[in-house]
Every structure is written in C-alpha cells, then in structure tokens.
Amino acid sequence: MNTLATGLIFSNIHDSTLHDLTRVRSTAAIPFGCRYRLIDFALSNMVNSGIYDVNIITHNNYHSLMDHIGSGKDWDLARRSGGVRFLPPFITAYANSENNLYNTRLEALMSVNYSIASFNSKYVVLSDCDVVCNIDLREVLNQHIDSGADVTFVVKKIKPNPEMAKHNAFIDSDENGNVTNFTYKPLNYTKESDVFLNICVFNRNYLQEIVEDAISHHYWSLTRDIYMKDLRRKNYKIFRYTDHVAEICSFDDYFKVSMGLIENKSFFNQLFNNQDRPVYTKVRNSAPTYYSKNSYVKDSLIADGCVIEGSVENSILFRGVKVGKDTVVMNSILFQDTFTGENVTLQYVVSDKDVVIRDGVSISGHTTMPVYIEKGRML
Amino acid sequence: MFRKKECVAMLLAGGQGSRLYTLTETMAKPAVQFGGKYRIIDFPLSNCVNSGIDTVGVLTQYQPLVLNEYIGNGAAWDLDKSSGGVHVLPPYQAKRGSDWYKGTANAIYQNINFIKRYSPKVVLILSGDHIYKMNYAKMIREHLKNNADCTIAALKVPMDQASRFGILNTKDDNKIIEFEEKPANPKSDKASMGIYVFSTDVLLEYLTMDEKDPTSSNDFGKNIIPKMLADGKTMFAYDFEGYWKDVGTISSLWEANMDLLGKKPVFNLFDRSWRIYYRHNAEPPQRINAGAQVDNSLITEGCDISGTVINSVISNGVVVEKDAVVKDSVLMSGVVVKSGANVSYAIIDHDTTIGKDSVVGNKQVGNKSPIVLGADLVVPDGSNLSGSIIVDDENLDEYLEKGAKR
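Residues numbered from 1 in each chain as written. Chains lettered and ligands numbered in written order. Predicted model: local features only at pLDDT ≥ 70, side-chain atom pairs only at ≥ 80, totals over all residues. Heavy atoms only, no water.

Draft legend 1. Inspection of the domain arrangement of chain A at higher detail. Residues and elements named next belong to chain A. Taken domain by domain, chain A consists of domain 1 (5-272) and domain 2 (290-373). Measuring from the centre of the C-alpha atoms in domain 1 to the corresponding centre in domain 2 gives 33 Å. Opposite the 19 residues of domain 1 that make contact, domain 2 presents 23 residues. In total, domain 1 and domain 2 occlude about 1,700 Å² of area from one another, counting both sides; carbon and sulfur atoms represent 71% of this. If you sort the residues of domain 1 by the area they bury against domain 2, Cys34, Phe255 and Ile262 come out on top, with a joint share of 37%. Summed over the shared surface of domain 1 and domain 2, the number is one salt bridge. (Domains from an automatic or database assignment. Contact = heavy atoms within 4.5 Å. Buried area = accessible area lost by both parts, 1.4 Å probe. Salt bridge = Lys/Arg side-chain N within 4 Å of Asp/Glu carboxyl O.)

This is the structure:
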C-alpha cells in the first residue's frame with residue numbers, strides 16, 4: 001500500500017527532563033490521564049489522520065513501551081503493509097566500544113538511516129511524545145503540500161514562562177508563514193511567540209538528504225546544524241495550531257497537566273471527546289469500576305477496573321486501583337494497580353504502578369512538590 | 001487445508017428473545033448490552049477462549065446486523081486466527097432449497113460442513129443468552145473420560161423451581177437415565193443448562209436422522225436428546241457449580257445486572273484469571289464531578305456523573321446531570337439523564353434521553369418487573385412514566401399522556 005506520509009516518533013528525547021517517571025520507562029511510555037501513555041496521543045493523531053505506517057525510534061528502557069504497543073492492534077496498526085515498527089538504536093557490531101547511543105534527534109535519525117531510506121512515502125511526519133494534543137495532521141499535510149514547503153513546523157502561539165522556555169524552540173515567521181529565525185532553548189525568554197510543538201512534516205527526500213549530510217559532516221544538532229543553516233536556502237513554513245495543547249517538560253508539568261484534565265473540561269473534551277478522532281490505547285479488558293456504599297468521589301477522573309470504598313477528591317485513578325475503606329485520596333495521581341489499604345491518607349502523591357500502601361499510612365506532598373512513589377514500592 | 005481441532009464450538013445466537021421486548025427490537029438477544037460494558041455473547045465467547053477453544057461458529061438469524069458488526073473478525077476475543085477463529089454462520093441458499101433455521105438442531109444441521117472441515121473429536125453446543133463463567137475444557141475432559149456420546153451440563157436448582165427446567169435424572173455416576181422437559185413432579189434437581197458436548201460422529205448421525213423426520217421440531221431438548229436416550233446412547237451429566245443465569249426476561253436481565261453489585265458480588269467481573277473480553281470502543285475515562293454521589297454501583301468509560309447513582313449499572317458514555325437521581329437501574333450506553341430527573345427500578349436502552357425533572361419508574365414492589373425504555377427515545381422534560389411497562393417509540397406518546405393524567 002502506498003501511503004502519503006510515514007510517521008516517525010521519537011520515544012526517548014525528553015527522558016532526562018522527566019527523570020522519576022522515566023527511570024523504568026521511556027517518555028513515550030509514561031502513563032497519563034487514567035489509561036493512556038504519552039505515545040498514545042502521537043500514535044492516535046497519526047492513525048486518525050490516515051498515517052498507518054509509523055516508526056518508533058527507541059533509545060533505552062523501551063521494554064515497557066514495547067509491552068504497551070504489542071503488535072499495534074489496539075491502534076489499528078497491526079498491518080500487513082506498513083503498521084507500527086520499532087527502530088531500536090543501530091550499532092554495528094564491535095564498532096562502538098563505548099556503547100554510545102544518540103543524544104539528539106539528528107543522531108537518532110542518523111542511527112536509523114537505513115530505515116529512513118526505505119520509506120516509500122513522499123512525506124514524513126516527525127513527532128515527539130512530550131506534547132498532549134488532538135491534532136488533525138491531514139490539515140498540516142495539506143498545507144505542507146499546497147505551500148510546496150520542504151518542512152512545515154507545527155507551532156502554537158503562547159506566552160512562555162522562563163522555565164518552560166529553557167526546554168523549547170521558538171520560531172519567528174513572516175506574514176506568509178515563512179520561517180525567519182529559530183531561538184533554541186533560550187534563557188529568560190517571556191515574549192509571546194510561536195513555540196515549536198515538536199511535530200513537523202518533512203519532504204522525505206529532504207529528510208534523507210539531511211541525514212546523509214549529517215553523517216558525512218558529523219553534524220549532531222537538527223536546529224543548529226541544519227535548520228539554522230538551511231533557513232535561507234530551503235522553504236520552511238509554520239502551521240499554527242490553535243486548539244488546546246499541553247506540553248510536559250518536567251515532573252511539575254506532568255502533575256499540572258494531569259490535574260488540568262479535571263479542572264479544564266474543555267481541554268478534556270477537545271482531547272478525548274472528538275468522535276472522529278478518538279484516542280486509542282492498549283485494551284486491558286477491565287471490568288467497570290465499582291463504587292461501594294460509603295464511597296465518596298468528587299472532581300475526579302477514574303479508569304475502569306477500580307474498586308473504590310473510600311473517598312477520592314480531585315484525583316486521577318488509573319486502571320485497577322483499589323481505594324480501601326476510610327481511605328482519603330486527595331489531589332493525587334495513582335497509576336495502574338496501586339493498592340491502598342484502610343485508613344490511608346494520600347495528598348499530593350503520584351504513585352507509580354503496583355505501589356502498595358498499607359493500612360493507616362499517611363503521605364502528604366505539597367501542590368508545588370508532589371511526593372513520587374516509585375514502581376512496586378510497598379509502604 | 002484445515003487443521004484438525006479437538007473441539008469446535010457452535011454458539012446458537014439466532015434467537016429473537018421476544019421476552020426482552022423492545023430491547024431486542026433491532027438486535028438479537030446475544031447482542032443485548034450487559035454489565036456496563038459487555039454484551040451477553042461476550043460471556044460464552046470469553047468462556048470459549050479461556051477454555052482454549054479457538055474455533056467457534058456463531059449461528060445468527062434474527063436481526064444480525066449489530067451482532068455481526070460486534071463480532072467483526074473476532075480480534076476482541078483473540079479469535080482472529082489463521083486456522084479456526086470465530087465465524088458468523090447465517091442461514092443460506094443452497095442448490096436444493098433454502099430455509100431459515102427451523103430449530104436449534106436444524107441450525108447445526110445446516111452447518112455440518114463447517115464442523116466437518118475441522119474434523120473435531122467433539123462439538124460443543126452453546127447458547128448465546130446465558131451469563132456465567134465456565135471452563136468447558138473440564139467438561140470435555142470428563143466427556144472423553146466417560147467415553148460418552150453426549151454430556152450435558154447440569155446445574156443444581158431449588159426443588160420447587162425444578163419444574164421450570166429440563167431435568168436430568170441420573171444414576172450415582174451421573175449417567176443420565178431420563179430427561180424430562182419441565183416436569184410437573186421433578187425427580188431430581190439437576191437442570192440442563194443447554195450446554196452440550198457431543199462426540200462428532202454421533203452428533204452428525206442424529207442430526208441427519210432428525211432432519212429426515214418430518215414430525216420433528218428439530219430441537220436439541222425436544223428431539224435429539226430424548227431420541228438418543230431412547231436409543232440407549234451413553235449420556236452423562238456434568239455437574240456445574242457456580243453462577244449461571246438465563247437472561248431471557250426483563251426481570252432476569254435486571255437481576256443479573258444487580259448480581260454484579262456489592263463488595264462481594266454474586267457474580268464477579270473482577271477476576272483477572274477469567275477475564276471477560278469485549279469489543280472496546282476508545283472512550284475517555286469516567287468523570288465524577290462535584291455534587292455526585294455514587295453508592296454501590298458500577299460505572300464505566302465515557303461516563304460523566306454529576307448526580308446521584310445508587311445500586312445501578314451504568315454503561316459507557318452515560319451522562320447523569322446535577323440533581324438527577326438514578327436508583328436500582330440499568331442504563332445502557334449513551335443514556336442521558338437530565339438535571340432533576342428521577343429514574344428508579346428501570347432498564348433504559350441505549351441513547352435514550354430522560355428530560356429535566358422527569359420521573360421514570362417507581363419503587364420495586366413485589367416481583368413486578370422494572371419499567372423498560374427502548375433505544376433512542378427522547379422523554380420530554382417533566383414527564384411521568386411508571387409501572388411495569390415497556391416503552392418504545394410507538395407507544396411513548398400514549399404512555400406520556402396517561403402518565404400526565406395520573
């Protein structure tokens with residue numbers, strides 16, 4: 001099957017900024033919003049836009065990501081032609097005694113050069129996993145094709161705070177949408193401008209050209225060595241996205257964006273309640289959630305397969321969470337199969353998968369510093 | 001060619017389920033929603049998969065669209081197999097005559113070719129209208145050990161209710177000596193569950209014989225089983241212990257849903273070792289808003305709850321607005337209960353909207369069955385509907401008028 005565009009997802013690029021959550025997994029596999037993983041948004045956006053040929057570039061710790069994706073069936077990506085494909089780091093035997101893996105996107109692209117050369121679509125859509133949004137990539141592709149651009153960068157106009165600016169690239173453009181300048185990870189940057197959402201469309205030929213160039217010249221930064229150099233020579237355009245988008249560049253962001261799903265109903269609806277563009281995830285076949293007689297639940301998002309006997313307020317519960325009798329869970333995020341006994345109090349807690357909290361234990365964080373409990377801990 | 005299979009399951013899913021009235025207006029009984037996110041057919045299908053049976057023929061006849069669509073290629077139950085898998089088997093036209101499925105036995109008879117291609121040792125006959133978890137593999141093992149021609153699953157029922165079932169009278173070793181359909185004076189409390197294991201050659205022989213008999217009504221319970229017994233075939237009962245419920249009536253469907261509730265439910269859906277699979281539609285997590293009160297209820301994906309939900313089973317995508325009360329009820333997918341409305345002791349089919357401040361159903365009295373509202377209805381604001389009635393799009397207006405007068 002010939003497809004118009006191939007998808008290319010970077011699953012690890014932001015691991016270092018989300019260290020607690022990525023100790024046992026890649027950024028792509030971070031649980032988010034009751035039953036999803038961050039990669040579900042990138043994958044669903046592609047599938048919902050007719051891109052059924054998706055490649056996932058991995059780095060390390062991708063067991064949990066592979067486990068999540070499986071055959072790709074739950075995203076309709078188990079295909080005879082195309083479908084989902086993992087591109088683990090490619091290292092020639094004995095060639096790399098230090099076992100150096102890539103650090104940047106460009107290095108990642110170089111390491112999968114052979115695979116990119118085998119893409120047979122005209123366009124390639126690149127996406128990271130740190131941005132949570134429900135975007136119709138067909139619109140981006142159409143604009144890209146109509147404008148004859150070499151690259152189209154998806155941007156969103158925002159007023160950044162300095163902390164967030166440090167992790168992002170900002171793009172200046174003229175009134176015709178032509179890119180005029182890049183500002184990469186600036187310090188003390190607060191002026192309203194177009195932040196790059198780490199989603200872009202490339203002409204496949206150009207992408208291949210870049211990667212081959214980079215290999216022969218030992219380039220390593222996509223922004224500095226390629227975009228900045230080619231800016232005047234090539235046709236770079238922006239696509240301005242106007243709907244809600246949430247970027248997760250730190251643990252703090254993770255907590256805030258998650259809680260935003262509860263507070264901001266229109267964000268929730270835009271993300272999840274678009275009938276034509278649902279968000280897919282691994283199906284677990286859980287039973288519905290059971291609320292017992294004396295349970296009390298308020299302002300919370302709850303996945304299936306939970307059993308709730310205590311009280312839950314302003315919290316996010318993943319699949320299979322148990323909240324015991326007389327237990328209070330407030331302003332917390334409990335990952336899959338977290339078990340809380342009786343008389344437990346949790347406030348501002350993020351508990352990773354399979355955490356067990358014994359009867360009577362009380363744990364409190366603060367809104368600016370939620371407590372993180374690592375996977376499988378018993379407290 | 002076709003790989004030989006130990007067992008082929010044939011699932012009878014063609015029944016109309018007329019005693020479910022409007023709930024089966026546009027779908028066959030096995031496609032009726034159950035337990036928040038399942039359909040009735042998920043239970044026998046999941047039992048098959050969990051028992052290691054990977055070749056299942058689903059015999060459809062009445063209103064097959066929803067069922068066909070739901071089963072699809074069987075991927076949801078891991079039944080998308082290169083050899084075997086799930087196959088929907090509708091009645092078909094043949095060179096010499098064509099016919100609807102005249103009875104359960106005739107339905108299987110018309111699909112003998114499906115069974116033959118896998119040359120199975122045994123054929124398992126199931127029906128698509130029971131809620132239960134059962135390991136068929138154990139029953140088949142028992143059947144083979146006994147060298148039986150037919151094994152019938154049996155459930156112990158209270159003696160005073162035995163006259164409502166097909167009763168198996170057995171010897172101590174469970175060998176069946178007599179089968180009585182709804183006996184006035186039952187001699188045993190072993191009721192047939194409508195689950196049969198047949199040795200393939202015996203089944204084919206009797207189906208062919210039965211087909212030639214013009215007086216037969218081509219039914220397993222009425223014809224095949226009695227005939228085999230009369231011929232002295234080796235038939236055993238297989239004792240099943242556990243939950244089993246025929247959900248063929250409004251009351252039993254409601255009861256079965258209620259059996260899922262409670263800290264230790266009568267029927268447990270949370271057992272990860274015997275998962276019930278279903279076809280999943282990508283819906284967001286459920287949202288419980290401020291002001292909501294949820295007691296002893298099951299709620300699933302896509303729901304948005306701001307009102308009160310007590311002792312109820314709520315399917316996907318249901319909205320319960322502020323100050324609305326849902327009690328002792330079963331709401332199927334996409335139902336909207338507007339603010340101030342009061343729903344009690346009701347079954348409401350998919351995508352029906354209950355208007356503001358309406359009252360639907362009243363308290364459960366004695367063994368009266370719950371009120372039933374069909375699919376895609378719009379109940380206007382301030383309406384009043386009560387009593388053990390079945391409301392569909394044809395009689396809604398009539399009932400609304402009556403309700404207003406009351």
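Draft legend 2. The arrangement of the sheet that holds strand β24 (residues 345-347) of chain A in detail. Residue and element names in this part refer to chain A. With respect to topology, five strands assemble into an open sheet ordered β15-β18-β21-β24-β27, the strand pairing being parallel. If you trace the sheet from one side to the other, it starts and ends with β15 (296-298) and β27 (362-364), each paired once. Each strand axis lies, on average, 5° off the axis of its neighbour in the sheet, ignoring direction. As judged from the three bridges shared by strand β18 (residues 311-313) and strand β21 (residues 328-330), these two strands associate in the parallel manner. Each residue of the ladder has a partner; that of valine 312, found in β21, is valine 329. (Pairing = 2+ DSSP bridges. Helix = DSSP H or I, 4+ residues; strand = E, 2+ residues; numbered from the N terminus. Axes fitted to C-alpha atoms, helices over the stretch in contact; angles between N-to-C directions.)

Draft legend 3. Structural detail: the sheet that holds strand β22 (residues 330-331) of chain B. Pairing in this open sheet of 11 strands is mixed, and the strands run β26(A)-β23(A)-β20(A)-β17(A)-β14(A)-β16(B)-β19(B)-β22(B)-β25(B)-β28(B)-β31(B) from one edge to the other. The open sheet is flanked by β26 (356-357) of chain A together with β31 (390-391) of chain B, the only strands paired with a single partner. The pairing of strand β14 (residues 289-291) of chain A with strand β17 (residues 307-308) of chain A spans two bridges and is classified as parallel. Each bridged residue has a counterpart across the sheet, and for tyrosine 290 of chain A the counterpart in β17 of chain A is valine 307 of chain A. Docked against the sheet, helix α8 (residues 250-258) of chain B engages β19 (313-314), β22, β25 (346-348), β28 (371-373) and β31 of chain B, running at close to 95° with respect to β25 of chain B.

Draft legend 4. Fine view of the interface of chain A and chain B. Every contact between the two is made by 39 residues of chain A and, on the other side, 37 residues of chain B. Carbon and sulfur atoms make up 50% of the area that chain A and chain B hide from each other, which totals about 3,100 Å². Counting every contact that joins chain A to chain B gives five salt bridges. Applying the counting rule to chain A against chain B returns 28 residue pairs in polar contact (both at pLDDT 80 or more). For the side of chain A that touches chain B, the elements supplying multiple residues, two or more each, are α9 (251-263), α10 (265-272), β14, β15 and β16 (300-302) of chain A. In terms of residue class, the side of chain A that touches chain B is made up of 20 nonpolar, 10 polar and nine charged. Here β14 of chain A runs beside strand β16 (residues 297-299) of chain B; their pairing, made up of three bridges, is antiparallel. Residue pairing across strands places tyrosine 290 of chain A opposite leucine 298 of chain B, the latter belonging to β16 of chain B. (Polar contact = N/O pair within 3.5 Å; in protein donor to acceptor, adjacent residues only side chain to side chain. Nonpolar A, V, L, I, M, F, W, Y, C, P; charged D, E, K, R; others polar.)

Draft legend 5. Fine view of the environment of valine 360 of chain B. Residue and element names in this part refer to chain B. Along the chain, valine 360 falls in strand β27 (residues 359-360). Judged by relative accessible area, valine 360 falls into the buried class, the value being 1%. Sequence separation of valine 360 and isoleucine 112 is 248 residues, and the distance between their C-alpha atoms is 48 Å. With residues near it in sequence (within four places) discarded, valine 360 still touches Asn342, Val343, Ser344, Ala346, Ile354, Ile371, Leu373 and Leu385. (Buried < 20%, exposed > 50% of the residue type's maximum accessible area, 1.4 Å probe, protein only.)

Draft legend 6. Representation of the side chain of asparagine 106 of chain B within the structure. Residues and elements named next belong to chain B. Summarising the element assignment, asparagine 106 is placed in helix α3 (residues 104-109). Residue class for asparagine 106 comes out buried when judged on its relative accessible area of 1%. A distance of 3.0 Å separates the side chain of asparagine 106 from the side chain of glutamate 211, its partner in a polar contact.

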